[in-house]
Amino acid sequence: MDYAFDFARVWEYRWVFGRSILLTVEISLLSIMLGTAIGVLVGGIRAIDKPSAWVWPLWALSTFYVYLQLAIPALVLLVWMYYCLPLLGIGLSSYWTAVIALGINLSPFAAEIFRSSLRNMPRGELQAARAMGYTEWQTLVHFTLPQFLRNSVPPLMGQYYTTVKMSSLASVIGVFEIINTAQEVINSTYKTLEVYTAVALCYALIVIPFALLAKRYEDRVFVERT
Amino acid sequence: MNPWGIDIASMSASHAGAGRQRVPVFQDLRLRVPAGQVMVIVGPSGAGKTTLLNCVAGLHPIDAGYVAMAVGSARGAIEHGQGKALSALDRRRVGVAFQQSNLWSHMSVLENLTHPQVHLGGASRAQAREWAEHLLERLVLLDHRNKNTQALSGGQKQRVAIARSLCLRPDVVLFDEITANQDPVNVQRVVELMQAYVRDHQACALTVSHDMAFVRRVADSVAFLEAGAIAVQADRDTFFGPQAPERVRDFLASTQ
């Protein structure tokens, strides 16, 4: 192998990459918020045991939504929303198309995590809190919520990383995230190897700090339940 | 006014049966425990012992009648029953430790005992810690205070649950099979703590147990529950003595 690496040439474009990293983080965070919000709603409805006649249509709709979105690839949803929605009279910028598509793509996973967390609450422990004399509100704050977060945060984090990584798909609809930036830099430097290596490092730069933060939180609250 | 620790008057309760039917567990059940005493409920499986405790603890609905506790105490009586649930405030005066220890798994052993004192009892952290450590020490759990509750053995968990049930200095304590996982030395420690607590706080304990060695040591009086009714109620010596009714002697023979 006699390839002469020239990372100095790529380093000149650090601010351009920096800007696209920021854009990636922004799109990821917005879609994570959207996907989590939809997940709370849909997962909450799906967690209802034996839905009554009034709730059943909502329950069925949520279930249908979850299975449909589990089936559709993020790329297909993204492309469909970008090219087909305008034909239906809904014109969104590529930025917002990416946010919404990635959010919708995350939502069924978040919903299933929330549903199983709600289903796996330690009932005995909550009853012990009630028997001790905690009010409903105190039980929620001191027992239900911590247990719920403990159940859902670790698996949720894995899904959030996936969303960050899938934001690279937004390149196909022209969002100026890391991949498209890289393409531009290659066009003017011809340093394919160095640039795509830098792209990989950029994602590591985004995801690893999040993972370390999550690890700290998990170490603090996550203990095995028997 | 009699200083009753627990006064169960004409209580009825039921379980959910098939469809919308209710299957009665008790009808018109009466039981009184004087303050300062430990009463143990014994009886065959399925007699309704645990349901009885749950009713007194306000964790199972009462269809008719009522339960009065700490009658004649300085803090006033606690009453609940048909159409009147036990309030969160009154629950703080009723300590509960059940078969499944149900310790809070997101807290340490010590926090299981201090959190209620600080958030419900208005104790300072130092006060809460002092009382918690005293209770843990009585059950030789002090060395485990900073552990996660999941790191404990079944017997240790159960003893933490016993200590926790006393953390708010309740007027009434309700225990269900709390010695099931204890070795004899620890059963003796539980007996001593219960008797000292009931005596020092003029409290009253109602306990369900199958462990007759434990019952003989801890009980002031014994109630024999059979098919949803108190068949026999007697002080300990009479209950275990030769004068006991035949059904009691048969039951005791069957537990040997």
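Source: prediction; values computed, not measured. (Residues numbered from 1 in each chain as written. Chains lettered and ligands numbered in written order. Predicted model: local features only at pLDDT ≥ 70, side-chain atom pairs only at ≥ 80, totals over all residues. Heavy atoms only, no water.)

**Here's the deal with the environment of Val187(B)**
Part 1 of the reasoning: By secondary structure assignment, the location of Val187(B) is in helix 6 (residues 184-200).
Part 2 of the reasoning: Along the backbone, Val187(B) and Leu139(B) are 48 residues apart, and their C-alpha atoms lie at a distance of 9.5 Å. (Helix = DSSP H or I, 4+ residues; strand = E, 2+ residues; numbered from the N terminus.)

**Some words on empty space enclosed by the protein**
Part 1 of the reasoning: For the structure shown, the criterion picks out one cavity of 30 Å³ or more.
Part 2 of the reasoning: Approximately 190 Å³ is the volume found for the largest cavity.
Part 3 of the reasoning: The wall of the largest cavity is formed by 21 residues, among which Ala128(A), Ala131(A), Val96(B), Ala97(B) and Arg164(B) lie closest to the centre.
Part 4 of the reasoning: Secondary structure elements with two or more residues in the lining of the largest cavity: helix 6 (123-132) of chain A together with strand 6 (94-97) and helix 5 (154-165) of chain B.
Part 5 of the reasoning: Per-element accounting of the lining of the largest cavity gives the leading share, five residues, to helix 6 of chain A.
Part 6 of the reasoning: Looking at side-chain class alone, the lining of the largest cavity contains twelve nonpolar, seven polar and two charged residues. (1 Å grid on protein atoms, 1.4 Å probe; cavity = no way out; pocket = protein on both sides within 12 Å on 5 of 7 lines; lining within 4 Å. Points joined across faces, edges and corners; volume = space filled by probe spheres on them. Nonpolar A, V, L, I, M, F, W, Y, C, P; charged D, E, K, R; others polar.)

**Points about the sheet that holds strand 5 (residues 78-81) of chain B**
Strands belonging to one sheet form pairs held by backbone hydrogen bonds; the direction of such a pair is parallel or antiparallel.
All names here are of chain B.
Part 1 of the reasoning: Read across the sheet, four strands follow the order 2-1-4-5 without closing on themselves; strand pairing throughout is antiparallel. Two strands close off the open sheet at either side, each with one partner strand: strand 2 (22-34) and strand 5. If you compare each strand with its neighbour and ignore which way they point, the axes differ by 20 degrees on average.
Part 2 of the reasoning: Bridge count between strand 4 (residues 64-69) and strand 5: four bridges; the pairing is antiparallel. Following the sheet pairing, Tyr 66 is matched in strand 5 by Gly 81.
Part 3 of the reasoning: The strands that helix 1 (residues 49-56) touches are strand 1 (4-16), strand 2, strand 4 and strand 5; relative to strand 1, the one it contacts most, it runs at about 115 degrees. (Pairing = 2+ DSSP bridges. Axes fitted to C-alpha atoms, helices over the stretch in contact; angles between N-to-C directions. Contact = heavy atoms within 4.5 Å.)

So far we have only geometry, and geometry alone does not tell us how the molecule works.
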